[in-house]
Amino acid sequence: MNYTETLEWMFAQLPMFQRQGKTAFKKDLTNSLAFSKHLNYPEKQFKSIHVAGTNGKGSTSHMISSVLQEAGYKVGLYTSPHLKDFRERIKINGELISKNEVVEFITDNNQFLKKYKPSFFEMTVGLAFSCFAKHEVDIAVIEVGLGGRLDSTNIISPEVSVITNIGLDHTQFLGETLPEIAFEKAGIIKNKIPVVIGEFQEVTYSVFKAIAEENGAPIFLASSIIDENYQSDLKGIYQIKNIKTALQTIHVLIQQGLIISEGNIQKGFNNVVENTGLLGRWQLLNKKPKVICDTGHNKEGLSYVFEQLKQEPYNKLHIVLGVVNDKNLNSILPLFPKKATYYFCKPNIPRGLNESELQATCCKFNLVGNRYNSVNDAYKGALKSANNEDLIFIGGSTFVVAEVL
């Protein structure tokens, strides 16, 4: 198979959460452990940092990676989902792995994949760990896919575990309450390995504290410890919290003997996009009219997005909106500004919510606009309606943002 055929096989044959939703979620590490053994335990051949959380884990992972790159380390970075190219999930010093590596990995391990039928996540994690070991990275930043305790990545013994925050997302898998979700995320806390907590509430802190004490793991509360304010090329007020979490993680790594200077930290935070290729975080797509996209898609993430929007000067606001069909609209739609023109669309994945259904539900919240057959048609409609002093925001789902980049 060539690269395109290999990807088609991966997407078609194996369950994949981002396309299918709940049916792709496996509450078990059996396959991950079996695959690791089959691959000769690649995750034991490099140091790692494990990052979980409801929001900000992607930005935080990229910030940590950028700082480590500035310090001269060879850094693996595993994140999900991808926006344009599958290989965005697996980078080394900001560079995508080659298409050949993907094809060869699937070909070489074909018998195992057919016998055990691992999920898309399990297979991709195996590919990432295998690539990082083969390329002899100094350290890898590993972002949790979903939850923590039973996520495919949770077979590593990292230098430090990181939990950015806890919010109500993916409740069909992780639990209906903040303590239940905190318990799943806290599953990445390991014996005597330090854990950095970004934001916390009293109900989630008690969960983290209990599990950390049980494991003899030192706990660092970034929001309470870090006073410094660093600039970053990642814009958006929500990044302030992610910077604190990333900075506390860097401080822990320095205590463990990694050599990272103040200059490395400053340059790392200021060159995240250039160093790592991060996309879709308060990203400016056009200046006149101003067009901004952001991948925030749950209550907490969208709250930050709309706080940021309030600080933007504009004449009229246009919002291109699409969501997935398992999204709890009653929890997020009250956050959306009523004084805006909406362009409803369906992201082009099986999980996408039909634009007519989205329009009808939004109407109940006094969010009014037209529906379109595709994300790009909705975007074109907004560009046609907007003048140079207006602002167009594109979001609601990672997959909507992916289609306009």
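The structure this text deals with has already been given above.
So, how was this worked out
Residues numbered from 1 in each chain as written. Predicted model: local features only at pLDDT ≥ 70, side-chain atom pairs only at ≥ 80, totals over all residues. Heavy atoms only, no water. Helix = DSSP H or I, 4+ residues; strand = E, 2+ residues; numbered from the N terminus. Buried < 20%, exposed > 50% of the residue type's maximum accessible area, 1.4 Å probe, protein only. Contact = heavy atoms within 4.5 Å. Areas by Shrake-Rupley, 256 points an atom, 1.4 Å probe, with all protein chains shown as cover. Core = buried A, V, L, I, M, F, W, Y, C linked by side-chain atoms within 4.5 Å. 1 Å grid on protein atoms, 1.4 Å probe; cavity = no way out; pocket = protein on both sides within 12 Å on 5 of 7 lines; lining within 4 Å. Points joined across faces, edges and corners; volume = space filled by probe spheres on them. Nonpolar A, V, L, I, M, F, W, Y, C, P; charged D, E, K, R; others polar. Pairing = 2+ DSSP bridges. Axes fitted to C-alpha atoms, helices over the stretch in contact; angles between N-to-C directions. Parallel < 35°, antiparallel > 145°, perpendicular 65-115°, else oblique. Left-handed = near helix turned anticlockwise from the far one by under 90°. Arc of directions from axis to C-beta.

S.K.: Quick one: what's the story with the overall build of the protein chain, residue by residue and with numbers?
M.R.: Looking only at helices and strands, the protein chain features 19 helices and 14 strands. Classification of the 405 residues of the protein chain by burial places 58% in the buried group. Put simply, of all contacts in the protein chain between residues at least 6 apart along the chain, 76% involve residues at least 24 apart. Counting only carbon and sulfur atoms, one obtains 48% of the accessible surface of the protein chain, whose full area is about 17,000 Å².

S.K.: Report on the nonpolar core, specifying residues and quantitative values.
M.R.: Among the nonpolar cores identified, the biggest contains 33 residues, and Met10 and Phe132 are the most heavily contacted of them. Taken together, the elements giving at least two residues each to this core come down to helix H1 (3-13), strand S3 (90-92), helix H5 (99-108), helix H6 (110-116), helix H7 (120-134) and strand S5 (139-143). Residue contributions to this core peak at 10 residues, all from H7. Met10 has contacts with Phe86, Val102, Ile106, Phe120 and Met123, leaving out every residue within four places of it along the chain. Grouped together as the second largest cluster of nonpolar side chains are 32 residues, Val67, Tyr73, Tyr230 and Leu258 included.

S.K.: Describe empty space enclosed by the protein, and please don't skip the residues or the numbers.
M.R.: Counting across every chain of the model gives three cavities of 30 Å³ or more. Considering only enclosed or pocket space, the second largest cavity measures out at about 60 Å³ in volume. Taken together, Ser32, Phe35, Ser36, Leu39, Pro42, Glu43, Glu122, Val125, Gly126, Phe129, Ser152 and Ile155 make up the full set of residues lining the second largest cavity. Residue assignment for the lining of the second largest cavity shows that the elements contributing at least two residues are helix H3 (30-38) and H7. When residues of the lining of the second largest cavity are assigned to their parent elements, the largest contribution, four residues, is made by H7. Residues of the lining of the second largest cavity, tallied by class, amount to six nonpolar, four polar and two charged.

S.K.: Describe the sheet that holds strand S1 (residues 47-52), and please don't skip the residues or the numbers.
M.R.: Ordered in space as S4-S3-S2-S5-S1-S6-S7-S8, the eight strands form an open sheet in which the pairing is mixed. Sheet topology places strand S4 (95-96) and strand S8 (219-221) at the edges, where each strand pairs with a single neighbour. Bridge count between strand S6 (residues 160-163) and strand S7 (residues 195-197): three bridges; the pairing is parallel. Paired with Ser161 across the bridge in S7 is Val195. The strands that helix H10 (residues 202-214) touches are S6, S7 and S8; relative to S8, the one it contacts most, it runs at about 155°. Lying over the sheet, helix H12 (residues 239-255) contacts S1, S5, S6, S7 and S8, oriented at roughly 170° with respect to S6.

S.K.: Summarise the packing of helix H4 (residues 57-70) against helix H13 (residues 262-270); cite the residues concerned and give the values.
M.R.: Close contact between H4 and H13 brings their axes to 8 Å; oriented N to C, the two are set at 135°. Taken as axis vectors, H4 and H13 run oblique relative to one another. Here H4 and H13 pass one another in a crossing that is right-handed. Packed against H4, whose contacting residues are Met63, Ser66, Val67 and Glu70, the element H13 presents Asn264, Ile265, Lys267, Gly268 and Phe269 at the interface.

S.K.: Tell me what's going on with helix H18 (residues 375-385), and back it up with residues and numbers.
M.R.: When we look at burial in H18, the residues that qualify are Val375, Ala378, Tyr379, Gly381 and Ala382. Looking straight down H18, one finds its buried side chains confined to an arc of 160°; they lie on one side. For H18, the exposed residues lying more than 90 degrees away from the buried face are Lys380 and Lys384.

S.K.: Before we move on, can you summarise the packing of helix H9 (residues 178-185) against H10 with the specific residues and values?
M.R.: For the pair H9 and H10, interaxial distance at closest approach is 8 Å and the crossing angle is 35°. The chirality of how H9 crosses H10 is right-handed. Contacts from Leu178, Pro179, Ala182 and Phe183 of H9 reach H10 at Val203, Thr204, Val207, Phe208 and Ile211.

S.K.: Outline the sheet that holds strand S10 (residues 290-293), listing residues and values.
M.R.: Pairing within the open sheet is mixed, and its six strands lie in the order S9-S10-S14-S11-S12-S13. Bordering the open sheet on either side are strand S9 (283-286) and strand S13 (369-371), each of which pairs with just one other strand. Direction aside, the axes of adjacent strands within the sheet are offset by 20° on average. Contacts between helix H17 (residues 355-363) and the sheet are confined to strand S11 (317-321), strand S12 (341-344) and S13, with S13 contributing the most and set at about 160° to the helix.

On their own, these measurements won't tell you what the molecule is for.
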